[in-house]
Structure formats: C-alpha cells, structure tokens
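Here is what each chain is made of, one letter per residue.
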Amino acid sequence: MADDKRKRVSYWYFGGLASAGAACCTHPLDLLKVTLQTQQEGKISLLQLTGKVVRTQGVLALYNGLSASLLRQLTYSTTRFGIYEVGKQAMGNDSGFLGKAALAGAAGAAGGFVGTPADMVNVRMQNDIKLPLEQRRNYKNAIDGLFRVYREEGFRRLFSGATTATSRAVFMTIGQLSFYDLVKDLLLNSGYFGDNLTTHFLSSLTAGAIATTMTQPLDVLKTRAMNAKPGEFASVWDIVKYTARLGPLGFFKGYVPAFVRLGPHTILTFVFLEQLRMNFGYLKPEKK
C-alpha cells in the first residue's frame, strides 16, 4: 500500500480471508452488540449481558451464529476488499484520497448488497440467545438459515435490510479502507515509521474509530430491519421513527460494544491482511 518500486501487493481475495480470521476472534463482541441494539427498553451493560449469557447458556453461546458471520465475511468483505484492491492497483498512485474514497464507497455498496443474505441470518442467529425458547428460529447453521428464509419467507426476504446494509457498507468501507491507506501513507511519509506492525496497528485503530462513528446509526437501523418479523415495518422510515422514540442516542445504541468489537476487528483484519500481503503477495512490476 505504501509507495515502493518493488512493493508486494495483495491478491484480491486476501481481504476476505483476513476478515474471516478476524471474525473468529471478535464474534462474541458482535453477538453482544446485536443483542444490545435489538433491545428496545431497559438498560443493561455489556458486562451484565455477558454474564447473563454465560450463566444461562454457557460460554459457547457467545459463538452462536459463527458460521453465518464467516459466510458474511467471505461474501461481503471479499467483494469490497477485492473491488477496492483491484481498482486501487489499476488507478495507480495518482488517484489521491478522494479517488480512493469514491472507489471504497462503490466497493462497499457492492459488498453490502452481496453480503445482505448472510448478514441477515447472522443477526437472527445472534439474536436467538435472548428470545424465549418457543420464539427462537434455531437455524442449524448459515446455509440452513438461508434455505429456511427462502422456503418460509420468500426470496425477497433474503435481502431484507439491503438498503441500510448497503448504505452502512459504503460508509464502513470508506472509513476502514480509504482512511487506513491515508493514515498509513502519512505515517510512512513522516520518516518515523516503517512498513511494520506498529504502523499497521496505528493505522487500523484510527480507521476503526472513524468507521464506527460513521456507521453506527445505520448499523442500528440495519440490525432492526433484519431482525424484524414479516410486516413489522413498512419501510426504512418506519424503523427510523421507531428508533427515534429513544431519542437521538437511540441511533447510537450499542456504540461502546460496536467500537469494542469493530476496533479489534479492524485491527486484526488489517494486521492479517498485511501479513498475507508481505508473505504471500506478489511483487508489482515497476511502472516506467
């Protein structure tokens, strides 16, 4: 990602692999975030919720829906990282930040749409832990969830929440990918940092904070849309009004666990990605 006449660059699919690896580490935090976001009334802290889940259902309940989370990363993140990486290499070094941000936005829109079915199943599987036994959907795994939604609710239901998921993915990808490149380039060009773990950590931490702030309201709306029962909301605007009953902070519900989850997830994703690039990437020919 930094300018180098003989730099190693990533293959298009490295981003999806790195994101899947990060998801394995951060899935419990993602599950707790979803549970907090779908809670309309009452207040419970992240630690209280964690203790409640572990006491009542065991530690493994924190990994409920992991298969859907991995499927989501292998569809959503592979698409957005792939488009961004290929497009960035085609654009060369003269694209500038705005060009990369526009490319990231387009890549995020494509990834968000492609990943919506797996994302919806992921949200539902994670939310099952807080429902009474008779109301749980009890999907066996991500594939079972996709087929059951298709059979029981129709094909269109697989893309429930696609509007908010796609919008969120646009801002998420801009916040993560383009800002990661921006911060990393600034650090490398300062002369005080090299292409190493410290630089990757600082760049990804900054990108994670920016991405969380940009996407949290859309993330709340997306989670509610995907977890809703058929016919519960007529439109996205109905979800906005429903969430607004909690006041402006209702759109940032679950912000702390979202950052606690997205921060490490972003850091791990880019650390894994950079290791894949540096060890298994290919040498980009020097442009004459």
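Below or above, wherever it landed, is the structure these notes cover. Being a predicted model, the structure only gives us computed values, none of them experimental.

Focus: the environment of leucine 197
And then number 1: Structurally, leucine 197 can be placed in helix H8 (residues 197–227).
And then number 2: Taking the C-alpha atoms as reference points, leucine 197 and tryptophan 237, 40 residues apart in sequence, are found 43 Å from one another.

Quick notes on the side chain of histidine 27
And then number 1: Mapping histidine 27 onto the fold places it in helix H1 (residues 14–37).
And then number 2: If we ignore the near neighbours within four places in the chain, the residues touching histidine 27 are Leu62, Tyr63, Asn64, Gly65, Leu66, Ser69, Asn122 and Gln126.

Some remarks on the nonpolar core
And then number 1: Counting residues in each nonpolar core, the largest one holds 14 residues, and the members touching the most others are Phe81, Tyr84, Leu177, Phe270 and Leu273.
And then number 2: Elements with a contribution of two residues or more to this core: H1, helix H3 (66–91), helix H4 (96–114), helix H7 (162–190) and helix H10 (255–280).
And then number 3: Contact partners of phenylalanine 81, with chain neighbours within four places excluded, come to Trp12, Gly15, Ser19, Leu177, Thr269, Phe270 and Leu273.
And then number 4: Grouped together as the second largest cluster of nonpolar side chains are 12 residues, Val34, Ala68, Met120 and Met226 included.

A short note on the packing of aromatic side chains
And then number 1: If you walk through the whole model with that rule in mind, you get 12 aromatic pairs.
And then number 2: Between tyrosine 11 and tyrosine 282, the ring centres sit 5.0 Å apart and the planes meet at 50 degrees, which makes this aromatic pair tilted. Note that tyrosine 11 is positioned in the loop between strand S1 (8–9) and H1 and tyrosine 282 in strand S2 (residues 282–283), a separation of 271 residues in sequence.
And then number 3: Judged by its relative accessible area of 28%, tyrosine 282 is partly exposed.
And then number 4: Every member of this aromatic cluster is reached through a ring pair, and the members are Tyr11, Trp12, Tyr13, Phe14 and Tyr282.

Focus on the packing of H3 against H4
And then number 1: Between H3 and H4, the least distance of the axes is 8 Å, while the angle of their chain directions is 155 degrees. With respect to each other, H3 and H4 are oriented roughly antiparallel. Considering only the axes of H3 and H4, their crossing is right-handed. Contacts between H3 and H4 pair Thr75, Tyr76, Thr79, Arg80, Ile83, Tyr84, Gly87, Lys88 and Met91 from the former with Gly99, Lys100, Leu103, Ala104, Ala107, Gly108, Ala110, Gly111, Gly112 and Val114 from the latter.
And then number 2: Classifying every residue of the contact of H3 with H4 by side-chain character gives 9 nonpolar, 7 polar and 3 charged.

Remarks on a nonpolar patch on the surface
And then number 1: Together, Tyr11, Trp12, Tyr13, Leu17, Leu74 and Val86 line one region of the surface with nonpolar side chains, adding up to about 580 Å² of accessible area.
And then number 2: Tracing the chain through its elements places leucine 74 in helix H3.

Let's talk about helix H9 (residues 236–244)
Turn by turn, an α-helix covers 3.6 residues, leaving residues three or four places apart pointing in a common direction.
And then number 1: Regarding H9, the residues found buried are Ile239, Val240 and Thr243. Buried residues in H9, looked at end-on, bunch into an arc of 105 degrees, giving them a common side.

Things to note about the pattern of salt bridges
And then number 1: According to the stated counting rule, one finds 13 salt bridges in the structure shown.
And then number 2: The partner of aspartate 185 in a salt bridge is lysine 100, with the nearest N and O atoms 3.7 Å apart. Here aspartate 185, found in helix H7, pairs with lysine 100, found in helix H4; they are 85 residues apart in sequence, far enough to count as distant.
And then number 3: Exposure remark for lysine 100: the relative accessible area of 13% places this residue in the buried category.
And then number 4: Through salt bridges with shared partners, a single ionic network connects Lys184, Asp195, Glu274 and Arg277.

Structural notes on the packing of H3 against H7
When two helices pack together, their arrangement is captured by the angle between the axes and the distance separating the axes.
And then number 1: One can describe the packing of H3 onto H7 by two numbers: an axis separation of 12 Å at closest approach and a directional angle of 50 degrees. Considering their axes alone, H3 and H7 lie oblique with respect to each other. Between H3 and H7 the crossing geometry is right-handed. Seen from H3, the contacting residues are Arg72, Tyr76, Arg80, Phe81, Tyr84 and Lys88; seen from H7, they are Arg168, Ala169, Met172, Thr173, Gln176, Leu177, Ser178 and Asp181.

About the criteria used
Residues numbered from 1 in each chain as written. Predicted model: local features only at pLDDT ≥ 70, side-chain atom pairs only at ≥ 80, totals over all residues. Heavy atoms only, no water. Helix = DSSP H or I, 4+ residues; strand = E, 2+ residues; numbered from the N terminus. Contact = heavy atoms within 4.5 Å. Core = buried A, V, L, I, M, F, W, Y, C linked by side-chain atoms within 4.5 Å. Buried < 20%, exposed > 50% of the residue type's maximum accessible area, 1.4 Å probe, protein only. Phe/Tyr/Trp six-rings, centres within 6.5 Å; stacked < 30°, edge-to-face > 60°. Axes fitted to C-alpha atoms, helices over the stretch in contact; angles between N-to-C directions. Parallel < 35°, antiparallel > 145°, perpendicular 65-115°, else oblique. Left-handed = near helix turned anticlockwise from the far one by under 90°. Nonpolar A, V, L, I, M, F, W, Y, C, P; charged D, E, K, R; others polar. Patch = residues over 30% accessible without salt bridge, like charges linked within 9 Å, V, L, I, M, F, W, Y side chains within 5 Å. Areas by Shrake-Rupley, 256 points an atom, 1.4 Å probe, with all protein chains shown as cover. Salt bridge = Lys/Arg side-chain N within 4 Å of Asp/Glu carboxyl O. Arc of directions from axis to C-beta.

That's the geometry; what it means functionally is another story.
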